[in-house]
Structures are given as structure tokens and as C-alpha cells.
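# Observations on the three-dimensional arrangement
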Amino acid sequence: MVAGVPLLIAASGWLVAVAEGKPNFVFMLTDDQDTRLGESDHYTDIGSVASQPKLRELYLANGARFTNYFVNTPICCPSRTEFFTGRYFPNVRGAKGDGCMHANTTHAALKNEGLFGTFTSNGYEVGLFGKVTNDQQAQLELLAKYESATYIDAPLNFNDYYGLPYYHYYASNNTQYTENIDPNDPVFGTPYQTSQIGNRTMRWLDDIFTRDVGTPEHPFFLYIGPHAPHFPADPAPWYEDLWSNLTIPITPNYNVSSPDKTRHIRQNPPLTAQVKCWEDQHFRDRWAALMSVDDLVADVHAKIAAQGDAVLRNTYFFYTSDHGYKQGQWRIGTSKQHPYETDIRIPFFAVGPGILPGTIVEEMCGNVDLMPTLLDMAGIPAPPMVDGKSFKNLLIANEGRAEAAEGWRKKFLNVYEATGSYFNDHSPCWAPPGYEEKCGGPMPRSPDGSNTTADCKESSGVGDGNCYWVDSLESNSWRALRVMNATHDTQYIEYDATWSWNETSVTFYEYYDIAADPYQMKNGYPDLSDSAKAAMHRELSDYYSCSTSSCP
């Protein structure tokens, strides 16, 4: 991927003609990208997407933006499994809560269940690049075992932005091997991961286009999974200083005491200036890391556009993230894992044939809906175990739009099963030389700068904890119901460390009127009537227990 490649934006006519035959798909899934934290001290509509001018020009101006797109689970492995299977977390959870962050990712690799395998089975050329799931090597090997892709070229050490081993799979001759990049003479000129992913993607596109792939008779499905802006959020060397004056937004809920939230949040002490110093750098890193993703978006689009109108007019582009992010809201440091708007909302953009420029989709959609939607657009039946719904008729300009909107869900299920107990210093970030001295030390685990796990005890008080908790096995396993209809914009949350969800196991509740309290600073649960509490519990329990056609 070469910096400075011009943006090739086709005339708008290609956007309004519905694809004929089987269309091509480009699906890009970033890691930890939010929609709420921008350059304003209030929530914004696109969050970190503000750092990506090429994405905004190509996708926002020429396609659709979803304003209420949610993930079922705000952490990497479960959310990705939900994306790749179209199933809610309770239906892909490990049999005993085991698996990758409690998710059984095997479902995503199966040829008759997963997104990639279903497209492969239906004649698509399927290429996979970048991060797939957190159990990366096992997942890639399963995808190859089940012949659920035709080509894989992906980093094994995705957490290392300069990781050297890359896994290869070629279905044409059933070849698998690991390539180790020479750090002193790296292929494509740099070992930087986003650039490697981009160039490997370009190489594959060059190859398939020589074989006339991209036509309705021989379509392709391209998946790209940049690790950015996930910590450590190393920016490419050429972007390290791009956002040097940027600081985190001090939203109304930043560093605010939360006496009526679940215990590990309630006990968090005030964030110090040393914490904010590191939050500022982390925020800058995230935006700088996204600049290379922005280049990748533009270069892939340009490569496909260069094949001519026949290919471009038959290609859909989708861009989203596996969950959101927060930085100091409610005194919780750099993390996801919580039921709040910062974490469960994600950017979602689509551009392609039949999608009118400037389309805004306000209906509640989620990660479980993407797989059935893409299959619907390709004319492929969804596997019978899929829970999500196709939003094709919400997206494509057609006469069925009003009817689809009228019957669409007005609520969405969110769940998270704690993966551990850890603290604000769990997420290191890139920093220029001398930055630790500037901050007065490393990112602290506690107000006094101590970084000893044994010293951290979860307090039952308010703001009197001795460590900054970002996750807790004792008080951060939850399920939630997000409601948006003509009369309600609310969220109801239950906490249960045992994951039993019976009358005695739920230990804490939260309720937010988000229309009146967008920063979720007042827990209104104690003010609800007993009948309202019982009704919400039943509604959440029913949704949590749904599967396939019984799901909203």
C-alpha cells in the first residue's frame, strides 16, 4: 500500500443501479473503533472516524451511514464470532463458558455455518487478510481445514504491529505454511502490520483480476481485519506526529463519580493528571493508527475502481468495528467490556449498487445482522441457525423500504461475560521518547502509582478504591436490553457473576433514560415500579433465550 494513491471516486450513477447476478463484497472490520469520542467535549456521531478523511469521502458521501448500529458483545472474540455467524452470544457461548473469551469460535470456521464458508460454498473467491479472531492461528487453521476460504494471508501475532509471522493458505493446491518476514529486508518495504495487510490484499486483488474474478459469474468476497486502533495502537512511523496536539475529549461523564453503578466502577478513585497524560497519548495513537487504515480503504477502492465500471458497479463495500471504546468516562480507563453507549455502538458504513448517496439508516441493527444481509444481497440462503435479520431492504433503495422499517426491531440485546479482573494499565500504548518522564511515570494502576496486582482490592464504597478497575470477575458480567421506540430511549441492565440469571443470582441492576441522560450518569432503577422492573426482566430474559426465528 503506497501513500498518496489518488482517490478514484466513480460517478454517482453506479451507486443507484442494483447489482445484477452475484455481487462482490469488501468487508473491513477494525478493532476497538468508537463512534462517540471525537474532537468535541461532547459525544459525536462518528467519533474516531473524524480522523479518516478518505473513508468519509468514499463511504459517507457516497453511501449509507447507520446511526444506531450495535454489537451484541463489546469485546473482540465474541463480537467477531457473532459477526461471522449471525448468532447472539448465548448461542455461540462455549459449553461451559470456555472458548475464546467464552465464545466457541469453531462456529465461525465451519463451512456450513460461518460467513466465509457459506460464501465459499456458493462459488465465491474468498480472501481473508488481517485479524479474524483472537485465537488467530487456531481459527485460520480451522478455516483451512474446513475449506471455508480460498485464500488466507494473515498475521499470526496480530497484537504486535511489527509482528513477523504470516499464515498462508491456498485452497487451489491445499497448501498451508508460515512466512516469517525478514525484519531487515521486509517484503513491501516495512513490517508495519496495516501496510503489510494492505499490500497483501493488493497482491491478491491483482491475482484474481488476472483470472477475470469480479464478474457476476465469478464473484469475490474480500475480508480485511486491521488491528488498528486496538492498543498499543502503534502508528506507522510516517504518521507518528500527525495528531501531536490532540487530547482526549473531556465529556460530561469523564472522571465522574458513579455512586449508583456496579461495584468495580463505583469504587474507582478519581483519575489523576498522570492518568490523563497517558489517555491523551493513547487517544492520539488511536487516531494516528487509523490513518493507515484510511489509506487501506482508499487503495482497495481505487484498485477495484481501476478494473472499470462493470466490476465497481457490482461491488459492495462495508466498513465497521468489533465494538466501541471509552477513555476515562465514569473513571473507567481505556477499555470496552461495559454496557454503555461508548462500548456497544459501532461505526457502520456501506456503499455500492442500489445504495443512495447520503442514506441514513436509523433502525436498530447489530453485528448479528451483517451475515444474513450479505447473503441476502448475494441471493444465498442463510444457514438455519442464524439469529440475525437481513437489513437489505433498509439499505437498498426500493419500494419495500417503508414496510421493512415498520416491522423492524425496536430493541437489541447486549451481553458480556467478564474475561478477568484487570486495571487501567492493562493497555500499553506507543509513546515518543521521554513521554513517560513527561507524565511522571507509566500509566498507573492506582492513584499512588503502585502497579502491584496483589494490592488491588475491589472496594464496596464510592470512589475509595485503591486501584483503577476496568473489568471484574465479581461485578462485570452482565446482560442488557437497549430499547429505542416512539416513546422510549432506554437501557436496562442486570449483573450476575455466576451467569445463572435466576431470581437470586442477579446482584445489581441499572436503568438509564438515555434521551434525558445521554451520558448515563443517573441509574434510574431504584425509581422504577415493581411492575416495570418485572416486565423488563421478562423481556430481557426472553430475548436472551431466543434463537433463529424467535429472535426479534
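Residues numbered from 1 in each chain as written. Predicted model: local features only at pLDDT ≥ 70, side-chain atom pairs only at ≥ 80, totals over all residues. Heavy atoms only, no water.

## Side note on unusual backbone geometry
Our working rule: The secondary structure listing takes helices from DSSP runs of H or I that are at least 4 residues long and strands from runs of E that are at least 2 residues long, numbered from the N terminus. Exposure classes here rest on a 1.4 Å probe applied to the protein chains alone. A residue is buried below 20% of its type maximum, exposed above 50%, and partly exposed in between.
Alanine 228 connects to proline 229 through a cis peptide bond whose omega is 0°. Within the secondary structure, proline 229 sits in the loop between β8 (220–225) and α8 (263–266). In the segment running from phenylalanine 231 into proline 232, the intervening peptide bond is cis, with an omega of 10°. Examined against the element boundaries, proline 232 turns out to sit in the loop between β8 and α8. Phi angles above zero are rare outside glycine, and phenylalanine 188 is one such case at about 70°. The topology assignment puts phenylalanine 188 in the loop between β7 (175–180) and α7 (193–210). By relative accessible area, phenylalanine 188 is classed as partly exposed at 31%.

## A closer look at the sheet that holds strand β11 (residues 359–361)
In sheet architecture, strand pairing relies on hydrogen bonds along the backbone and comes in two forms, parallel and antiparallel. The condition that has to hold: Any two strands with at least two DSSP bridges between them are considered paired. Interaxial angle, 0 to 180 degrees, is taken between N-to-C directions of lines fitted to C-alpha atoms, where a helix line uses only the stretch in contact. Whether two residues are in contact is decided by their heavy atoms, any of which lying within 4.5 Å being enough.
Reading across the sheet, the 10 strands line up as β7-β6-β5-β4-β8-β1-β9-β10-β2-β11 and stay open at both edges, with mixed pairing between neighbours. In this open sheet, the two strands that pair with only one neighbour each are β7 and β11. Averaged over all adjacent pairs, the angle separating strand axes in this sheet is 10°, with direction ignored. Here helix α2 (residues 53–60) sits on the sheet and contacts β2 (64–66), β9 (315–321) and β10 (348–351); the angle it forms with β10, its principal contact strand, is near 55°.

## A short note on the state of the cysteines
For the record, the criterion: The disulfide criterion used throughout: a pair of cysteine sulfur atoms within 2.5 Å.
A full pass over the atoms with the stated rule returns four disulfides. Paired through a disulfide, cysteine 77 and cysteine 100 show a sulfur-sulfur distance of 2.0 Å. Its S-S torsion of about 110° marks the bond between cysteine 77 and cysteine 100 as right-handed, since a negative value means left-handed. You can see cysteine 77 sitting in helix α3 (residues 76–85) and its partner cysteine 100 sitting in the loop between α3 and α4 (106–109), a full 23 residues away along the chain. Each of the two residues, cysteine 77 as well as cysteine 100, counts as buried.

## A short note on the packing of aromatic side chains
Note the following rule: Put simply, two rings from Phe, Tyr or Trp (the six-membered ring, in Trp's case) pair if the centres are within 6.5 Å, and we call them stacked under 30 degrees between planes, edge-to-face over 60, tilted for the rest. Here, a charge over a ring means that NZ of Lys or CZ of Arg falls within 6 Å of the ring centre while also lying within 35 degrees of the ring normal.
Following the criterion strictly, the structure yields 52 aromatic pairs and no others. Relative to tryptophan 287, the ring of tryptophan 243 has its centre 5.1 Å away and its plane inclined at 90°; by these criteria the two rings are edge-to-face. Taken together, the residues span a long stretch of sequence, with tryptophan 243 in the loop between β8 and α8 and tryptophan 287 in helix α9 (residues 273–305) at a distance of 44 residues. The exposure class of tryptophan 287 is buried, given its relative accessible area of 0%. The lysine or arginine in question, lysine 261, covers the ring of tyrosine 340, its NZ or CZ lying 5.0 Å from the ring centre.

## A few points about the nonpolar core
Applied cut-off: Only buried residues count toward a nonpolar core, which is a set of Ala, Val, Leu, Ile, Met, Phe, Trp, Tyr and Cys residues joined through side-chain atoms within 4.5 Å.
Counting residues in each nonpolar core, the largest one holds 100 residues, and the members touching the most others are Tyr59, Phe220, Leu222, Val300, Ile304 and Tyr319. Each residue touching tyrosine 319, except ones within four places of it in the same chain, is listed here: Met28, Thr30, Gln33, Gln52, Leu55, Tyr59, Leu290, Val293, Val297, Pro347, Phe348 and Phe349. Counting 52 residues, the second largest nonpolar core, distinct from the first, contains Phe27, Ala109, Tyr223 and Leu395.

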